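# Fold and geometry: a report
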Amino acid sequence: KAGVTQTPRYLIKTRGQQVTLSCSPISGHRSVSWYQQTPGQGLQFLFEYFSETQRNKGNFPGRFSGRQFSNSRSEMNVSTLELGDSALYLCASSLGQAQETQYFGPGTRLLVL
Amino acid sequence: GENVEQHPSTLSVQEGDSAVIKCTYSDSASNYFPWYKQELGKGPQLIIDIRSNVGEKKDQRIAVTLNKTAKHFSLHITETQPEDSAVYFCAASSNRGSTLGRLYFGRGTQLTVWP
C-alpha cells in the first residue's frame, strides 16, 4: 500500500505571496491532519479534515486554510506569507476514528524569503 | 488543552546500551499514546503506540509503558544500534470530539547511539 505523499517537497516563496500544499492520504483513509514543524515550536496542529469537513482546528491565524476533496486528498493554503511561516509542513492520514494511528508523509519544506 | 512534556531533550548512549525517554501529559481524557521516530529529511514514522487500557506493550527491542495514575509514559529501547539515532517524539490524543484527529506532541528527544 502506498504511503502518504506530499507535493511539492520543497518550496521557496517571498513575503506576501501565497502557497498551496497538497497531500494524498493512504488509500482508504478519510482523515487528513496538517502539522507545522519548526525548531522553535516543535510540531503544532493546524487542522484536520474528515470526509471533506474540517473537524478540528489549531491556534493558527486565518491566513492558514485547507480543504479536502471527495477522494480524501487535501490541500492547505497559506496567504500573505510571513518569514515566520518558514517550516516543514506535514500531513498525516488515518481512518479517522479515535485512537487510530496517524501516518505521516515526508513533508513540504517551505522557505519564505 | 493537553500539554505533553518530554525528557530528556538529548540522549547519547553507547551501542548495545538501553535508552529511556519519558513523557508526561496533563489531560486525564487522553487515551492514545504513539511514539514516532523522525530521521533527517523525513516525516515522523510510527514505531509503537499504546492505548489506555494497556499498561505495557513490546515490539522486539522497543517497549512502551503507561502509568495512567501518574499520567506518564515511557519509551524503552534495548540493545541500541547506530541506526536508532534519530529524533523521537511522544504524543497523546483523546476521544473528545473537539480534539479528534489531533495529536499533542512532546518537544522531541535527539538520540545518538555511538558505535
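Owing to the predicted nature of the structure, the values given are computational and were not obtained by experimental measurement. (Residues numbered from 1 in each chain as written. Chains lettered and ligands numbered in written order. Predicted model: local features only at pLDDT ≥ 70, side-chain atom pairs only at ≥ 80, totals over all residues. Heavy atoms only, no water.)

### A short note on the overall build of chain A
Applied cut-off: Runs of E in the DSSP output that reach at least two residues are strands. Runs of H or I that reach at least four are helices, and both are numbered from the N terminus. Based on C-alpha atoms, the radius of gyration is set beside the globule rule, defined as 2.2 Å times the residue count to the power 0.38. Each residue is placed in one exposure class: buried if its accessible area under a 1.4 Å probe, protein chains only, is under 20% of its type's maximum, exposed if it is over 50%, and partly exposed if it falls in between. In what follows, a contact means two residues having at least one pair of non-hydrogen atoms within 4.5 Å. Reported accessibility uses the Shrake-Rupley method at a 1.4 Å probe radius. Residues are deemed covered only where the shown protein chains occlude them.
A tally of helices and strands in chain A yields 0 helices and 11 strands. The secondary structure elements of chain A, listed N-terminal to C-terminal, are β-β-β-β-β-β-β-β-β-β-β. A globule of 113 residues ought to have a C-alpha radius of gyration of about 13 Å, and chain A, at 13 Å, matches this closely. In terms of its C-alpha atoms, chain A occupies a principal-axis envelope of roughly 35 × 25 × 25 Å. By the burial criterion, 50% of the 113 residues in chain A qualify as buried. The contacts of chain A with a sequence gap of at least 6 include a subset with a gap of at least 24, amounting to 54%. When the accessible area of chain A is evaluated, it comes to approximately 5,200 Å², of which 49% is carbon and sulfur surface.

### Thoughts on the interface of chain B and chain A
Here is the rule we go by: Buried area, as used here, totals the accessible surface that two parts lose on assembly, with accessibility defined by a 1.4 Å probe and the loss added over both. Within this document, salt bridges are pairs made up of a side-chain nitrogen of Lys or Arg and a carboxyl oxygen of Asp or Glu, the two lying within 4 Å of each other. Identification of polar contacts relies on pairs of N or O atoms within 3.5 Å, with a donor-acceptor requirement for protein atoms, meaning one able to donate a hydrogen and the other able to accept it, and with residues adjacent in sequence counted only if both atoms are side-chain atoms. Under the grouping applied here, Gly and all other residues not named as nonpolar or charged are polar, the nonpolar ones being Ala, Val, Leu, Ile, Met, Phe, Trp, Tyr, Cys and Pro and the charged ones Asp, Glu, Lys and Arg.
Contact residues are listed per partner, giving 23 residues for chain B and 26 residues for chain A. Carbon and sulfur atoms make up 48% of the surface buried where chain B meets chain A, a total of about 1,900 Å² over both sides. Three residues, Leu100(B), Arg102(B) and Arg107(B), lead the burial of chain B against chain A; their summed loss comes to 26% of the area buried on that side. Where chain B touches chain A, the interface holds 0 salt bridges. Here chain B and chain A share 7 residue pairs in polar contact (both at pLDDT 80 or more) between them. Where the side of chain B that touches chain A is concerned, the elements lending two or more residues are strand 4 (30-38) and strand 5 (45-51) of chain B. When grouped by side-chain class, the residues that make up the side of chain B that touches chain A number 8 nonpolar, 10 polar and 5 charged.

### Here's the deal with the sheet that holds strand 7 (residues 64-68) of chain A
Residue and element names in this part refer to chain A. Let me state the cut-off plainly: When DSSP finds at least two bridges between two strands, those strands are taken to pair. The axes are straight lines fitted to the C-alpha atoms, using for helices just the contacting stretch, and the angles between their N-to-C directions are given from 0 to 180°.
The strand order across the open sheet built from 4 strands is 1-3-8-7, with neighbouring strands paired in antiparallel fashion. Bordering the open sheet on either side are strand 1 (5-7) and strand 7, each of which pairs with just one other strand. Averaged over all pairs of adjacent strands, the angle between their axes in this sheet comes to 20°, without regard to strand direction. Pairing analysis gives 3 bridges linking strand 1 to strand 3 (residues 19-24), with the strands arranged antiparallel. Residue pairing for strand 3: threonine 7 is matched across the bridge by serine 22.

### A closer look at the side chain of Gln38(B)
Along the polypeptide, Gln38(B) turns up in strand 4. Taking the relative accessible area as the measure of exposure, Gln38(B) reaches 8% and is therefore buried. In this structure the side chain of Gln38(B) is engaged in a polar contact, spanning 2.8 Å, whose partner is the side chain of Gln37(A). If near-sequence neighbours (up to four positions away) are discounted, Gln38(B) is found in contact with Gln37(A), Leu88(A), Gly43(B), Pro44(B), Ala86(B), Val87(B) and Phe89(B).

### What to know about the sheet that holds strand 8 (residues 72-77) of chain B
Pairing between sheet strands relies on hydrogen bonds along the backbone, with the strands arranged either parallel or antiparallel. Residues and elements named next belong to chain B. Read across the open sheet, the 5 strands follow the order 1-3-8-7-6; overall the sheet is antiparallel. Strands at the two margins of the open sheet, each flanked by one partner only, are strand 1 (4-7) and strand 6 (56-59). Sheet twist, expressed as the mean angle between neighbouring strand axes with direction ignored, is 15°. The sheet contact formed by strand 6 and strand 7 (residues 62-67) spans 4 bridges and is antiparallel. Note that in strand 7 the partner of lysine 58 across the bridge is alanine 63.

### Here we look at a nonpolar patch on the surface
Going by this rule: Like-charged residues are merged into a patch within 9 Å and nonpolar side chains (Val, Leu, Ile, Met, Phe, Trp, Tyr) within 5 Å, provided each residue has over 30% relative accessible area and no salt bridge.
Together, Ile12(A), Leu111(A) and Leu113(A) make up a nonpolar patch on the protein surface, roughly 300 Å² of accessible area in all. For Leu113(A), the position within the fold is in the segment after strand 11 (108-112).

### What about the pairing of strand 4 of chain B?
Residues and elements named next belong to chain B. Across the 9 residues that make up strand 4, a large majority, 9, are buried. Pairing geometry for strand 4 and strand 9 (residues 86-94), over 6 bridges, is antiparallel. Counted as the bridge partner of glutamine 38 is valine 87 from strand 9. Here strand 4 hands over to strand 5 after 6 residues, with glycine 41 in that stretch at a positive phi of 80°.

None of this, on its own, says anything about what the molecule does.
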